Amino acid sequence: MSLIKTNEANWLPSVFDDMFKTDWLGGTTNVNSIGTSIPAVNIREDEDGFAVSVAAPGKKKEDFNIELDNDVLTISSEEKKENESSEKQGSFTRREFSYSTFKRAFSLPESVDSSKISAAYNDGVLEIALPNREEAKVQAKRLIEIS
């Protein structure tokens, strides 16, 4: 019995699929899910903490849901659009709709001060600031006297 699962359509083990669906901060993506579009995410680290940038043009800040639960930051969005039009001939009604959703989850390091997380949405980019705790910030070099 093997712990590595294979799928019949692809001879590569699903372990490789899982590896490519996991972000370096422990986040997961919902690749291959119907009705999803996964926005690109950039994560930048500096001495003050992390900055997460999510490319999501055409949305409004109300479209996003950002949750923090047990040091797991989850960013999600759901959008439904419906257009209805009627044609004059007969009683045919055409209804066009679209549905898109995404969900990204990231395990936060212990250095992040979860009480100071903030977010802003400008020009199609959702920016989330994850500041470090004071004790986790890089301290300036200093001399220590020997007593």
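Residues numbered from 1 in each chain as written. Predicted model: local features only at pLDDT ≥ 70, side-chain atom pairs only at ≥ 80, totals over all residues. Heavy atoms only, no water.

Looking down a regular strand, the side chains alternate between one sheet face and the other. In this structure, strand S8 (residues 118-122) lies alongside strand S9 (residues 125-131), joined through 5 bridges in antiparallel fashion. Of the residues in S9, the one forming a bridge with Ser-118 is Ala-129. The antiparallel hairpin formed by S8 and S9 contains 2 residues in its connecting segment, where Asp-123 sits at a positive phi of about 50 degrees. (Pairing = 2+ DSSP bridges. Helix = DSSP H or I, 4+ residues; strand = E, 2+ residues; numbered from the N terminus.)

What follows deals with the pattern of salt bridges. Under the criterion given, the structure shown has 2 salt bridges. Between Asp-46 and Arg-44 there is a salt bridge; the shortest N-O distance is 3.7 Å. Ionic pairing is found between Asp-113 and Lys-116, a salt bridge with its closest N-O pair at 3.9 Å. (Salt bridge = Lys/Arg side-chain N within 4 Å of Asp/Glu carboxyl O.)

Before going further, it helps to examine the packing of aromatic side chains. Summed over all chains, the structure comprises 2 aromatic pairs. Plain terms: the ring middles of Phe-64 and Phe-102 are 6.5 Å apart, the flat faces sit at 65 degrees to each other, and that makes the pair edge-to-face. Here the residue Phe-64 occupies a position in strand S5 (residues 64-69), and Phe-102 occupies one in strand S7 (residues 93-107), the gap between them amounting to 38 residues. The burial state of Phe-64 is the same as that of Phe-102; both residues are buried. The class for Phe-64 is buried, based on a relative accessible area of 12%. By the ring-pair criterion, three or more aromatic residues cluster together here, those being Phe-64, Phe-102 and Tyr-121. (Phe/Tyr/Trp six-rings, centres within 6.5 Å; stacked < 30°, edge-to-face > 60°. Buried < 20%, exposed > 50% of the residue type's maximum accessible area, 1.4 Å probe, protein only.)

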